[in-house]
Amino acid sequence: MDSKHKFLSFNLGNIDTAVILLEDITEVVPISLTEICSVPQMHNYILGIYNWRGEMLWIIDLEEMLGYTSVIQEAPLISKMMVIVVQAEGKSLGLLVRKLIDIYWLDTDLMKSPDPQLFKSDIIPRLHGYFIDESENIIISLDANAIIKSPAWEIYS
């Protein structure tokens, strides 16, 4: 069986690159922050809801959820931001990201297990693992199902 899969890559923080399996992604939607209806008394990384295909889609600041600085702090510099819509077990969630990069073909047999010495504790439970590219850079492989099933998020969904 072929162990190469397509992943959507995007920036995480100012220097990190992350990927999510393309098969876990339903759609990528450009939105402005004004299109998100904020909901009071939510965790900081839960930005609110967005009208997606006539349904309510919860939008989270993925970077803040993973322990990075919030991506919306730079929002005035960005007119449209990208939301990656992921689905698992009938639940959809919008992940607000800084910038999409490309689609990568990655060999999952070469994925390394999450290492607590390399990653913050906020990110470890939401990882499949990581890859090392040709330039010796780390590519973080996020687990869309783990993000959707996150205990901190599930109380709102």
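The coordinates are above.
In short, a report on the structure. (Residues numbered from 1 in each chain as written. Predicted model: local features only at pLDDT ≥ 70, side-chain atom pairs only at ≥ 80, totals over all residues. Heavy atoms only, no water.)

Notes on the pairing of strand β1 (residues 4–12)
Note that β1 and strand β8 (residues 100–107) share seven bridges and pair antiparallel. Pairing of Phe7 across the sheet is with Tyr104, part of β8. The pairing of β1 with strand β2 (residues 16–21) spans six bridges and is classified as antiparallel. Opposite Leu8, over in β2, you have Ile20 as the bridge partner. Between β1 and β2, which follow one another and run antiparallel, lie three residues, and Gly13 among them has a positive phi close to 70°. (Pairing = 2+ DSSP bridges. Helix = DSSP H or I, 4+ residues; strand = E, 2+ residues; numbered from the N terminus.)

Things to note about unusual backbone geometry
Positive phi, normally seen in glycine, also occurs at Gln41, with a value near 60°. Residues other than glycine seldom take positive phi values, yet Arg53 does so here, at roughly 55°. The class of Arg53 is exposed, set by a relative accessible area of 58%. (Buried < 20%, exposed > 50% of the residue type's maximum accessible area, 1.4 Å probe, protein only.)

Quick look at the sheet that holds β1
If you trace the five strands from one edge of the open sheet to the other, you get β8-β1-β2-β10-β9, paired in mixed fashion. Of all strands in the sheet, those with a lone pairing partner are β8 and β9 (127–132), marking the two edges. The mean inter-strand angle of the sheet, taken between neighbouring strand axes irrespective of direction, is 35°. When β2 meets strand β10 (residues 138–142), the two strands line up parallel, connected through three bridges. (Axes fitted to C-alpha atoms, helices over the stretch in contact; angles between N-to-C directions.)

So, a nonpolar patch on the surface
Taken together, the side chains of Leu118, Ile132 and Ile138 present a nonpolar region at the surface, about 220 Å² in accessible area. Its place among the elements puts Ile138 in strand β10. Taking relative accessible area as the criterion, Ile138 reaches 31% and is therefore assigned partly exposed. (Patch = residues over 30% accessible without salt bridge, like charges linked within 9 Å, V, L, I, M, F, W, Y side chains within 5 Å. Areas by Shrake-Rupley, 256 points an atom, 1.4 Å probe, with all protein chains shown as cover. Salt bridge = Lys/Arg side-chain N within 4 Å of Asp/Glu carboxyl O.)

Let's talk about the sheet that holds strand β6 (residues 81–88)
Spatially, β3-β6-β7-β5-β4 is the arrangement adopted by the five strands of the open sheet, whose pairing is mixed. Edge positions in the sheet fall to β3 (25–31) and β4 (46–52), since each of these pairs with one other strand and no more. Neighbour-to-neighbour, the strand axes of the sheet open up by a mean angle of 30°, direction not taken into account. Here six bridges tie β3 to β6, and the two strands are oriented antiparallel to one another. Its bridge partner being in β6, Ile25 is matched across the sheet by Val86.

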